[in-house]
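Each chain, letter by letter, is given below.
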Number of protein chains: 4
Amino acid sequence: MSARRAAAALCLDDFEALARRHLPRPVFGYVAGATERNESLADNAAAFAEWAFLPRVLRDVSRRRTVRVLFGREWAAPFGIAPMGLAALAAYRGDIVLARAAAQAGVPMILSGSSLIRMEEVIAANPEAWFQAYLPGDARRIEALIDRAAAAGFRTLILTVDVAVLPNRENNVRNGFSTPLRPSLRLLWQGLTHPRWSVGTFLRTWLRHGMPHFENSFAERGAPILSRHVERDFTARDHLNWEHLALIRRRWPGILIVKGVLHPEDARRAAGEGAEGVIVSNHGGRQLDGAVAALRVLPALRQAVGGITLMLDGGIRRGTDVLKALALGADFVFVGRPMLYAAAVAGEAGVARAIALLKGEIDRNMALLGIERLEELSPECLIRRR
Amino acid sequence: MSARRAAAALCLDDFEALARRHLPRPVFGYVAGATERNESLADNAAAFAEWAFLPRVLRDVSRRRTVRVLFGREWAAPFGIAPMGLAALAAYRGDIVLARAAAQAGVPMILSGSSLIRMEEVIAANPEAWFQAYLPGDARRIEALIDRAAAAGFRTLILTVDVAVLPNRENNVRNGFSTPLRPSLRLLWQGLTHPRWSVGTFLRTWLRHGMPHFENSFAERGAPILSRHVERDFTARDHLNWEHLALIRRRWPGILIVKGVLHPEDARRAAGEGAEGVIVSNHGGRQLDGAVAALRVLPALRQAVGGITLMLDGGIRRGTDVLKALALGADFVFVGRPMLYAAAVAGEAGVARAIALLKGEIDRNMALLGIERLEELSPECLIRRR
Amino acid sequence: MSARRAAAALCLDDFEALARRHLPRPVFGYVAGATERNESLADNAAAFAEWAFLPRVLRDVSRRRTVRVLFGREWAAPFGIAPMGLAALAAYRGDIVLARAAAQAGVPMILSGSSLIRMEEVIAANPEAWFQAYLPGDARRIEALIDRAAAAGFRTLILTVDVAVLPNRENNVRNGFSTPLRPSLRLLWQGLTHPRWSVGTFLRTWLRHGMPHFENSFAERGAPILSRHVERDFTARDHLNWEHLALIRRRWPGILIVKGVLHPEDARRAAGEGAEGVIVSNHGGRQLDGAVAALRVLPALRQAVGGITLMLDGGIRRGTDVLKALALGADFVFVGRPMLYAAAVAGEAGVARAIALLKGEIDRNMALLGIERLEELSPECLIRRR
Amino acid sequence: MSARRAAAALCLDDFEALARRHLPRPVFGYVAGATERNESLADNAAAFAEWAFLPRVLRDVSRRRTVRVLFGREWAAPFGIAPMGLAALAAYRGDIVLARAAAQAGVPMILSGSSLIRMEEVIAANPEAWFQAYLPGDARRIEALIDRAAAAGFRTLILTVDVAVLPNRENNVRNGFSTPLRPSLRLLWQGLTHPRWSVGTFLRTWLRHGMPHFENSFAERGAPILSRHVERDFTARDHLNWEHLALIRRRWPGILIVKGVLHPEDARRAAGEGAEGVIVSNHGGRQLDGAVAALRVLPALRQAVGGITLMLDGGIRRGTDVLKALALGADFVFVGRPMLYAAAVAGEAGVARAIALLKGEIDRNMALLGIERLEELSPECLIRRR
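Student: I'd like to hear about the overall build of chain A, residue by residue, with values.
Tutor: Per the secondary structure count, chain A includes 16 helices and 12 strands. Taking 386 residues into account, the globule formula puts the C-alpha radius of gyration at 21 Å, and chain A, at 20 Å, falls close to it. Residue burial in chain A is summarised as follows: out of 386 residues, 66% are buried. Look at the contacts in chain A between residues 6 or more apart in sequence, and 74% of them connect residues 24 or more apart. Total accessible area on chain A stands at roughly 13300 Å², and carbon and sulfur atoms take up 54% of it. The centroid of the 51 positive side-chain charges in chain A is displaced by 6 Å from the centroid of its 39 negative side-chain charges.

Student: Summarise the pattern of salt bridges; cite the residues concerned and give the values.
Tutor: Pairing of side chains with opposite charge becomes possible as their charged atoms draw close. As enumerated under the stated definition, the model contains 132 salt bridges over all chains in all. Among the salt bridges present, the one from E170 of chain B reaches R318 of chain C, with a minimum N-O distance of 2.3 Å. Here R318 of chain C lies in the loop between β10 (309-313) and α15 (319-327) and E170 of chain B lies in helix α9 (residues 170-175), a pairing that spans two chains. Look at E170 of chain B and you get buried, because its relative accessible area is 4%.

Student: Describe the pairing of strand β11 (residues 332-335) of chain D, and please don't skip the residues or the numbers.
Tutor: Residue and element names in this part refer to chain D. The side-chain alternation of β11 yields two buried faces, one formed by F332 and F334 and the other by V333 and V335. Pairing between strand β4 (residues 79-81) and β11: three bridges, direction parallel. Among the inter-strand pairings, I81 is bridged to a residue of β11, identified as V335. Two elements, strand β10 (residues 309-313) and β11, share three bridges in a ladder whose sense is parallel. Across the sheet, the residue bridging to D313 is F334, located in β11. As for the winding sense of the linkage, the β-α-β connection from β10 through helix α15 (residues 319-327) to β11 is right-handed.

Student: Account for the arrangement of the chains, naming residues and giving values.
Tutor: There is a gap between chain A and chain C: no contact, and a shortest C-alpha distance of 13 Å. One thing to see here is that chain B and chain D don't touch, and their nearest C-alpha atoms sit 13 Å from each other.

Student: Which residues make up the sheet that holds strand β11 (residues 332-335) of chain C, and what are the values?
Tutor: All names here are of chain C. Here eight strands make up an open sheet; going across it, the order is β4-β11-β10-β9-β8-β7-β6-β5 and the pairing parallel. Either end of the sheet is taken by a strand with one partner, and the two such strands are β4 (79-81) and β5 (110-111). Bridge analysis of β5 against strand β6 (residues 130-133) gives two bridges, and the strand direction is parallel. By the bridge assignment, L111 is partnered in β6 with F131.

Student: Give a description of the side chain of Q287 of chain A that names residues and reports values.
Tutor: When you line up the elements, Q287 of chain A lands in the loop between β9 (277-280) and α14 (294-305). The class of Q287 of chain A is buried, set by a relative accessible area of 5%. A polar contact is formed between the side chain of Q287 of chain A and the backbone oxygen of V165 of chain A, at a distance of 3.3 Å. Sequence-distant contacts of Q287 of chain A, that is, excluding residues within four places in its chain, are made with T35, D162, V163, V165, P167, R169 and N282 of chain A together with L368 of chain B.

Student: Residue-level account of the interface of chain D and chain A, with values.
Tutor: Contact with chain D, which involves 37 residues of that partner, is made by 29 residues of chain A. With both chains or domains summed, chain D and chain A bury close to 3000 Å², and 56% of this area falls on carbon and sulfur atoms. In terms of surface lost to chain A, no three residues of chain D exceed E36, R37 and L288 of chain D, which account for 20% of the buried area on that side. For the interface between chain D and chain A, the tally reads eight salt bridges. Between R37 of chain D and D321 of chain A there is a salt bridge; the shortest N-O distance is 2.7 Å. At the junction of chain D with chain A, the criterion picks out 14 residue pairs in polar contact (both at pLDDT 80 or more). Residue assignment for the side of chain D that touches chain A shows that the elements contributing at least two residues are α4 (39-49), α9 (170-175), α12 (242-251), β8 (255-261), α13 (264-272) and α14 (294-305) of chain D. Looking at the side of chain D that touches chain A, its residues break down into 17 nonpolar, seven polar and 13 charged.

Student: Describe the interface of chain B and chain C, with residues and values.
Tutor: Chain B puts 37 residues into the contact, and the matching count from chain C is 29 residues. Taking both sides of the interface into account, the surface hidden between chain B and chain C amounts to around 3000 Å²; carbon and sulfur atoms contribute 56%. Here chain B and chain C share eight salt bridges between them. The residue D14 of chain C makes a salt bridge to R174 of chain B at a minimum N-O spacing of 3.1 Å. When contributions to the side of chain B that touches chain C are tallied by element, the ones reaching two or more residues are α4 (39-49), α9, α12 (242-251), β8 (255-261), α13 (264-272) and α14 (294-305) of chain B.

Student: Account for the relation of the copies chain D and chain A, with residues named and values stated.
Tutor: Relative to chain A, chain D is turned by 90° and slid 0.0 Å along the rotation axis, the superposed coordinates differing by an RMSD of 0.0 Å. In short, the pair behaves as if placed about a four-fold rotation axis. If distances are taken from each C-alpha of chain D to the rotation axis, the shortest is found for R386 of chain D, at 6.4 Å.

Student: Explain unusual backbone geometry to me, and be specific about the residues and the numbers.
Tutor: Residues apart from glycine generally show negative phi values, whereas peptide bonds are mostly found in trans. Of note, H283 of chain A is a non-glycine position whose phi angle comes to about 60°, a positive value. Along the chain, H283 of chain A turns up in the loop between β9 and α14.

Student: A description of helix α3 (residues 25-32) of chain D should follow, citing residues and the corresponding values.
Tutor: Among the eight residues in α3 of chain D, seven count as buried, and that is most of the element. Among the residues of α3 of chain D, those classed as buried are P26, V27, F28, G29, Y30, V31 and A32 of chain D.

Student: A description of the relation of the copies chain B and chain C should follow, citing residues and the corresponding values.
Tutor: Expressed as a screw transformation, the operator carrying chain B onto chain C has a rotation angle of 90° and an axial translation of 0.1 Å, and the superposed copies differ by an RMSD of 0.0 Å. By residue overlap, the copies meet through two different surfaces: only 3% of the interface positions of chain B are interface positions in chain C.

Student: Please give an account of the packing of aromatic side chains that cites residues and values.
Tutor: All names here are of chain A. Within the structure shown, the criterion is met by 36 aromatic pairs over all chains. Taking 5.6 Å as the distance between ring centres and 50° as the angle between the ring planes, the aromatic pair formed by F131 and F154 counts as tilted. Placement of the pair is F131 in strand β6 (residues 130-133) and F154 in the loop between α8 (139-152) and β7 (156-160), with a sequence separation of 23 residues. The exposure class of F131 is buried, given its relative accessible area of 0%. Through pairs of rings, three or more aromatic residues link up here, namely F71, W75, W130, F332 and F334. Its end group placed over the ring of Y92, R204 keeps NZ or CZ at 3.7 Å from the ring centre.

Student: So what's going on with helix α15 (residues 319-327) of chain B? Residues and values would help.
Tutor: Burial within α15 of chain B is extensive, with nine of its nine residues counted as buried. Where α15 of chain B terminates, the next one or two residues include G329 of chain B, which has phi positive at roughly 125°.

Student: So what's going on with the environment of S114 of chain D? Residues and values would help.
Tutor: All names here are of chain D. One can find S114 in the loop between β5 (110-111) and α7 (119-125). Assessed through its relative accessible area of 10%, S114 is described here as buried. For the pair formed by S114 and P299, sequence separation is 185 residues and the distance between their alpha carbons is 30 Å. Contact partners of S114, with chain neighbours within four places excluded, come to G85, L86, Y134 and F214.

Student: Give a description of the sheet that holds strand β5 (residues 110-111) of chain A that names residues and reports values.
Tutor: Strands belonging to one sheet form pairs held by backbone hydrogen bonds; the direction of such a pair is parallel or antiparallel. Residues and elements named next belong to chain A. On the basis of which strands lie adjacent, the open sheet formed by eight strands has the order β4-β11-β10-β9-β8-β7-β6-β5 and parallel pairing. Sheet topology places β4 (79-81) and β5 at the edges, where each strand pairs with a single neighbour. Direction of pairing for strand β8 (residues 255-261) relative to β9: parallel, over a ladder of four bridges. When the bridges of β9 are listed, I257 appears paired with G277.

About the cut-offs
- Residues numbered from 1 in each chain as written.
- Chains lettered and ligands numbered in written order.
- Predicted model: local features only at pLDDT ≥ 70, side-chain atom pairs only at ≥ 80, totals over all residues.
- Heavy atoms only, no water.
- Helix = DSSP H or I, 4+ residues; strand = E, 2+ residues; numbered from the N terminus.
- Rg over C-alpha atoms; globule rule 2.2 N^0.38 Å.
- Buried < 20%, exposed > 50% of the residue type's maximum accessible area, 1.4 Å probe, protein only.
- Contact = heavy atoms within 4.5 Å.
- Areas by Shrake-Rupley, 256 points an atom, 1.4 Å probe, with all protein chains shown as cover.
- Lys, Arg positive; Asp, Glu negative; His and termini not counted.
- Charge placed at Lys NZ, Arg CZ, Asp CG, Glu CD.
- Salt bridge = Lys/Arg side-chain N within 4 Å of Asp/Glu carboxyl O.
- Pairing = 2+ DSSP bridges.
- Right-handed = clockwise from strand over helix to strand, strands pointing away.
- Polar contact = N/O pair within 3.5 Å; in protein donor to acceptor, adjacent residues only side chain to side chain.
- Buried area = accessible area lost by both parts, 1.4 Å probe.
- Nonpolar A, V, L, I, M, F, W, Y, C, P; charged D, E, K, R; others polar.
- Least-squares fit on C-alpha atoms with pLDDT ≥ 70 in both.
- Phe/Tyr/Trp six-rings, centres within 6.5 Å; stacked < 30°, edge-to-face > 60°.
- Lys NZ or Arg CZ within 6 Å of the ring centre and 35° of its normal.

Structure (structure tokens):
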């Protein structure tokens, strides 16, 4: 059943169309939406479309491989699953689903700090999962959370730095979504008209696991998504600064990645502070509306930071997008929304399908570009269309 | 009631949608419309969209403030309310409403010279209101009007200089609007189908205050808006020149601002003639259709005029727009139509909401940009999208 | 009646909308249409939209005038009526209507060589009319036609040079139009559903003046528009070359203008051969589809030809378009289709209205630009929008 | 009947509209579609639209000719018919139809290696047909196929090099098309609702010639289009490399052309390996989605390869497109889809009409450009519109 639903998708965008029907509007809108005028969201897609390929021909590409080594580990493809909050609201046990599918396919998966399933359960499902933390500018709470992540067994920590405040998510209000979720007639109606989600995701979660809480914002359990106390989880984020990064660096024993950087100077400083990698990102267009698309600044960051690991997310929907990002200087990319749509629509089979589709496109397009290894990609493979 | 209507708006553009339903088409069209092909109106929005932000991260932004000092007075936000003619036709006692809400919120409000409420009443409602004058090239009338404004207690005078003639407002004819308003079946029908406006604004005004007149075009009372003699108010405007500015400068004891400048040479000359500030503006696209968007020439004017106070209006609908204008050289901006829509839809509560929304966006986006004071904004915060 | 129809138009484009309803589709399509993909037609409008104005302020513009001297004669405005073939098919006695309205308004009118009314009648209606000739590469026929024009009293001759062959006017076939007009059920139906045109223009013409002929292609009368022999009129046009221009120059006693030039080298050569003026034009997009908009090459031609009189047509619909063309180097412009729409919709009153509207826009926008004489226009008045 | 259907088309795009109605959706979609997001397909058209013409005037163009010499043979026009797979599925005996119409009109026709009619039959219909081969990286099979082509009498061989793997033709799945064709209710329904195609093309083929096979992928007959074994035909294509080209060059006695080149370096190498010509192409947007439009890189390739014959396909729909490609450096162009649509809609009469329309446009537009020979075309004839 879910395998058939997964097979109906021929590309990542198909999962979005399927999820739009499957999910109640508040939930779909929460995942799909961005902020204010959605300028950054649109820019993420537009930035890719401005580049065209200049392929090479008559090269034996029969031994091509899509693998990529990152921090000493070889992954099956040059992309992973980006962290997404509230995944378990869109898909039953969403984070576990994403984690398992990623493990199965040999790609990295990043657990969001705004997730509703305890990180200890997720790493049990995928011992190589990475953990993304939303941290306040408060040394005690920072230490408590990262100690917990280390104790749970995470070896890679992503610190998201583009969330000084909660953004202006008007789309949530317009779609009838809020955290905490406020019961309303509209919400009830949406639930009734989307019974597959209401029963298969929402009720099933509640009955088996109880009311979902933000489980990974603190060392202790956070606010439940149906309470009014959720704001507490977000206090003091606007105090976070480079000194806290230094503190984290001293305390965190594993790999440290800074996510949400767009300015070359910040990337350089992150490297200087001992971060092993940077994820260039405008948070999928969900934070500062008007923030430039990551792809537009990628070449400048590549030049600024030299050898540090540079990753990118935002707007990746096709294998060609992955190849363009790599050609312009990314070592790796992350894909968000489409993976969660796939999980919502068809569970683990859906995510497996999404990963396979994207990997298949990369493989096919490497052949058509005339390359066997991703390392052959460079700006010379591209030409600006305007 | 009006508080609920105000709360329904999540951003400034929402007030436009609400006002479109609330106001009779001739009145809404008068406010919303521009001139000829509306090229300048469209350009005002387009000019902002061409810039993207390059935010900074990991800075403690917990002590950020949206305040801005202008001519020695600290305002709560870097924006004010632009002068708009006939405000009292769209909202009951519109100018008073705008004046009070601005005073309450701590932002400047500019009273239009084409307003229908005596300036003496407006300054009584907001002792810090500014006065914008439409002046003919006639020394006697100039002196009479500015003397009246000074006597009324205004300390800041804005001279609008982009109105040498009445523009080609075809849209007014198409929407059935004219000054003077000419009674017609169409107007009657519009009145009947918009009873909340007809009773709450039009009849209420007429019954309590009598037929509205242009009250601030002359020292004496001007033509009523339901007469045929209104043209008299606009005579000799095309004679106005730099010598009149010099005359005004000599006679006006307060702060003098020139509004409607787009050419660097004119900005420089205005400063040379003793003006304390310049408002870069194409009059909301309502005068010369095709006149360039103020934002496009702002950097050149900033460079041309050095330290003089440079303000801008036209196209500001979001906090990000305000931040872009400030980054490109503006010291302050003014917002027009949305404030009047808010007044029309929900009176003082509406305007308070509009101000709060815009200020909230500025505060939030300052945090996401990584700045605590508006003075940190510079062209380096931006990157052209094309 | 026709005065009321004229007054319904608030700008030139309104006449197009009115004519679309008034005229049978084959006739409207003939006038409105261009060639192949209509790329040049669209480019004519797009080229104007890329420029914005940089107006000046605080200049006394009370003595501004829209007059322009051309070849020693002062015209009331810097525009005239472009030559249009088959004008008498769209408007009853169309060429006479255009000629009279132009004379009345003090602007030049060019009679098309493809017109259906004898040039002798037109110059009787407007002794200052200019004559535009379509000439074959055949000395005898050239001499016969220009001798006839000189004898008729024309003092200005325009030689159109962008018509080496009949273009690909698919739109005519799609709209059911052809020269000669071929009777068909479709044509009959169009006639029945547009009775005001059928009776007021077509039947009235036929009954009073007989079947229309091409009257000005030769010294003698040309083919009737309802015959199959019309092609004869177009023979040998592709032989026309610079030697013929030299021949014309030697024989024509008056002012000689070359129309349809886009390349600077051709403009220079035309001047070298003794032409007094050049009309930069892509024939309203009706000849080579893809030919560049005249406005785009105007600055290069201005630079190439120095002092020769440079005129432009194509895409002019507003006073601002006229001002942009003049700022970029044109001495004068011509307006085509809108004038014929005005004649079709409301006869001489319509054309008078169209001229007055355009002249009014020029006057008003000169004031808003801060100029009193058209000679003050220069490229400095403009700024590219992209 | 088919002559009337042919005459209904006034330009090449009209055949597409006619074919859309005539063909079952799976078949039309196969021909019309491209790959993934159809970016390269759209870019092919967009690239032409960015150029405008700068025509010359007053030149005698009465002796103009559209002929072009290619490899020592003079063709009636500077375009030929591009290779298209499965032509016989869209039009009854499609390859024969295209071959005959091309022979009749004096333009080259390229038989696709994915065709369903034996090359020996096609060359019998048109002794000057060219053969395009899809070749695996396997010397034995290469030699077998090109020996067969030589034996059949082909003198020009095109090696397509942009097909290392089968592309991602989602559109085929979405339209219900696959190779092999899989019987389905949907397919049946399409057949029933398109009876003229079902009877006149599909049944007629099956009854007279049996189940169609891929006839020209190997020396021997390939898989039938209604089997599951078609993949075999595509094995080892990703091994193909420059050494195979050298092998082909040594063995092939005639003219050798490499098709599918976009990078200047590859064009140079092809010339160095002894190829007489290169076809610059992104395979009509059907291989690597995002591959740049051929026209965009044409000038760079022209500069890189010097005197070698440079041809182009992709996006040509008008005579002006042909002229633009020639002006930017192409010696010749090829037109694909429109020719097959014409064959589908009206057989040989359709293709003859399509060729005549395009040739007519070239002739007419040469006159309007002011040239008599195609050799006069150069980049100076064009100007970028943006």
